[in-house]
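# Tertiary structure, described
If you want the building blocks of each chain, they are given just below.
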Amino acid sequence: MIVGFTLNGRPREIDVPPSQTLLRTLRDTLGVFDAKEGCSEGVCGACTVLLDGRPVSSCLVLTPTARGRRVLTVRGLERAGDLHPLQTAFVEHGAVQCGFCTPGMVLTALAFLEQRPRPDREEIRAALAGNLCRCTGYAKILDAVEAYVSGRRADG
Amino acid sequence: MHSFEYVAPETLDEALALLAEHGSEAKALAGGQSLIPVLNYRLARPRIIVDLNGLRLGGVRVEGEQIALGALTRHCVLEESAELAGACPILGEAARLIGNVRVRTLGTIGGSLAHADPAGELPLVMVALGASLTLRRARGVRRVAAADFFTGYLTTVLEPDELVTEVEVPATRGKGTAVEELARRVGDFAMVAVAAVVSVDRRGRVDEACLAYGGVGPRPLRARSSEDALIGQEPTAERVALAARTARASLQPQSDAFVSAAYRSLLVEVLGRRALTRAVSRALEAA
């Protein structure tokens, strides 16, 4: 069936079977590989995308239910070839090792910061509790988000 | 995932007609946070998926002492609604414990109740609050008390051609409520979850108490003997501790691959005491 949605600011229209998940559509139909397949049951957070600004597991969304909505993957954060400042903070703080969880971490953190712009470390930890990382031990991810939050505060 | 027919009705009548036509070969899709994992693992193979997301079944209405929650109300709405935080704060408190943030973005109250996981937060809270569910089918409508809706493990009185369309919940202004749970990891289903609703009269005695548990049986269970131990009494720390011990004595949780019955039993008492303690202190503030 024909499904249209906005992907990273650009309208897309594709022909997919209705049983295809949004994750499959991104990766196999559209060649957008920044959402990763981990558990396929909505637990690990590697396939996180923002749907109308809120985090969802793209492995648990049937593509037709995304029709008419805004889908944001991590590559949609890039501006004129530059990384988003939160991505830069991840790089600077060693918060990326294998990178598999990183897109989900970044998107989940940004959606959370929209609602709560000045969180403390514990609140950041709770906000990212649904995103699993098997490399970093999480400390450097929390460092990166905290640094981004205080950097924004310094900017005004 | 297997291939299936997909229909997205625009009205409730169309949705109910589709369910009437296809019966148990159809599966209703709301937030999909339980259904899609089941499909991903090929544990179910419905021939047709009826997507309810285009229906106008969301929305929270607070009218005096009654709250009507549309079945498509997302968990994140329960978490964030200022109106509910005033009228029935246990809904937000329970919603914050559900799964992870992504589950709460899409998951719906109707879907959670219809799925009926025995450790699910919303089934438990609806039993504790004495909520009632509106079930519609093409040829009629009925209202069922939450306590009668759940019949066993992942099983309810919902017929294949019926939908939960609304949940009516009494406001809890003037009462104290609390929910507690312990899960092995954040976001897992609880090993034991408990919801407490308490009110005290002008003399400072408990005049209403409800203590309901999830994870200790095939459906949410009330600890009635524990409630009886509180009603008419001053809710001192000793009395609350006694009520929690009574709950432990009256419930017989089972072992599973992760948790022993003995540990669940311990949790019944400890979490029950914590929930009652918080509910009582809120009830005393409200009285």
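These numbers were taken from a predicted model, which means no experiment stands behind them.

If you tally the helices and strands in chain B, you get twelve helices and 14 strands. Here the C-alpha radius of gyration of chain B, 19 Å, is about what a compact globule of 287 residues would show, namely 19 Å. Along the first, second and third principal axes, the C-alpha atoms of chain B reach 60 × 45 × 30 Å. Sorting the 287 residues of chain B into buried and exposed places 51% on the buried side. Counting only contacts in chain B whose residues sit at least 6 apart along the sequence, the fraction spanning at least 24 positions is 63%.

Okay, the overall build of chain A next. From N to C terminus, chain A includes five helices and five strands. Starting at the N terminus and walking to the C terminus, you meet the elements of chain A as β-β-α-β-β-β-α-α-α-α. Overall, the C-alpha framework of chain A stretches about 50 × 30 × 25 Å when taken along its three principal axes. Residue burial in chain A is summarised as follows: out of 156 residues, 46% are buried. Considering only residue pairs separated by 6 or more positions, chain A has 59% of its internal contacts joining residues 24 or more positions apart.

For the rest of this paragraph, the subject is the interface of chain B and chain A. Residue-level contacts link 21 residues of chain B with 20 residues of chain A. Within the residue set of the side of chain B that touches chain A, elements represented by two or more residues are helix H2 (35–40) and helix H6 (101–106) of chain B. Looking at which element gives the most residues to the side of chain B that touches chain A, the answer is H6 of chain B, with five residues. Its residues placed into classes, the side of chain B that touches chain A shows ten nonpolar, nine polar and two charged.

Further remarks concern unusual backbone geometry. With a phi angle near 50 degrees, Asn8 of chain A is a residue other than glycine that sits in the positive phi range. Positioned with a positive phi, Leu154 of chain B is a non-glycine residue whose angle comes to about 55 degrees. The topology assignment puts Leu154 of chain B in the loop between strand E8 (150–152) and strand E9 (155–156).

Before going further, it helps to spend a moment on the sheet that holds strand E14 (residues 221–222) of chain B. Residues and elements named next belong to chain B. Ordered in space as E11-E12-E13-E14, the four strands form an open sheet in which the pairing is antiparallel. Of all strands in the sheet, those with a lone pairing partner are strand E11 (176–182) and E14, marking the two edges. Pairing of strand E12 (residues 192–200) with strand E13 (residues 206–214) involves eight bridges; the strand directions are antiparallel. Among the inter-strand pairings, Val197 is bridged to a residue of E13, identified as Cys210. Its contacts with the sheet place helix H8 (residues 121–129) against E11, E12, E13 and E14, and it is angled at close to 25 degrees to E12.

Residue and element names in this part refer to chain A. Here helix H3 (residues 102–115) contains 14 residues, and its C-alpha end-to-end distance of 20 Å stays within 8% of the 20 Å for a straight helix at 1.5 Å per residue. Where burial is concerned, most of H3 is hidden: ten out of the 14 residues are buried. Turning to H3, its buried residues number three or more, namely Thr102, Pro103, Gly104, Met105, Val106, Leu107, Thr108, Ala109, Leu110 and Ala111.

Averaged over every residue, the pLDDT of chain B is 97; the share at 70 or more is 100%. Listed scores for the predicted complex are pTM 0.96 and ipTM 0.96.

Moving on: the environment of Ala247 of chain B. With respect to the helices, strands and loops of the structure, Ala247 of chain B is situated in helix H11 (residues 237–250). What Ala247 of chain B contacts, discounting residues up to four positions off in sequence, is Leu211, Ala223, Ser226, Val268, Glu269 and Gly272 of chain B.

A word on the domain arrangement of chain A. Residue and element names in this part refer to chain A. Partitioning chain A into domains gives domain 1 (2–77) and domain 2 (85–155). Put simply, the middle of domain 1 and the middle of domain 2, counted by C-alpha atoms, are 22 Å apart. Across the boundary between the two partners, domain 1 contributes 17 residues, which contact 13 residues of domain 2. The set of elements that each furnish at least two residues to the side of domain 1 that touches domain 2 consists of strand E3 (48–51) and strand E4 (54–57). Counting residues per element, the side of domain 1 that touches domain 2 draws most heavily on E3, which supplies three residues. Here the residues of the side of domain 1 that touches domain 2 sort into ten nonpolar, four polar and three charged.

Rules behind the numbers
- Residues numbered from 1 in each chain as written.
- Chains lettered and ligands numbered in written order.
- Predicted model: local features only at pLDDT ≥ 70, side-chain atom pairs only at ≥ 80, totals over all residues.
- Helix = DSSP H or I, 4+ residues; strand = E, 2+ residues; numbered from the N terminus.
- Rg over C-alpha atoms; globule rule 2.2 N^0.38 Å.
- Buried ≥ 20, exposed ≤ 12 C-beta atoms within 10 Å, placed from the backbone.
- Contact = placed C-beta atoms within 7 Å.
- Nonpolar A, V, L, I, M, F, W, Y, C, P; charged D, E, K, R; others polar.
- Pairing = 2+ DSSP bridges.
- Axes fitted to C-alpha atoms, helices over the stretch in contact; angles between N-to-C directions.
- Expected span 1.5 Å × (residues − 1).
- pLDDT = per-residue confidence, 0-100.
- Domains from an automatic or database assignment.

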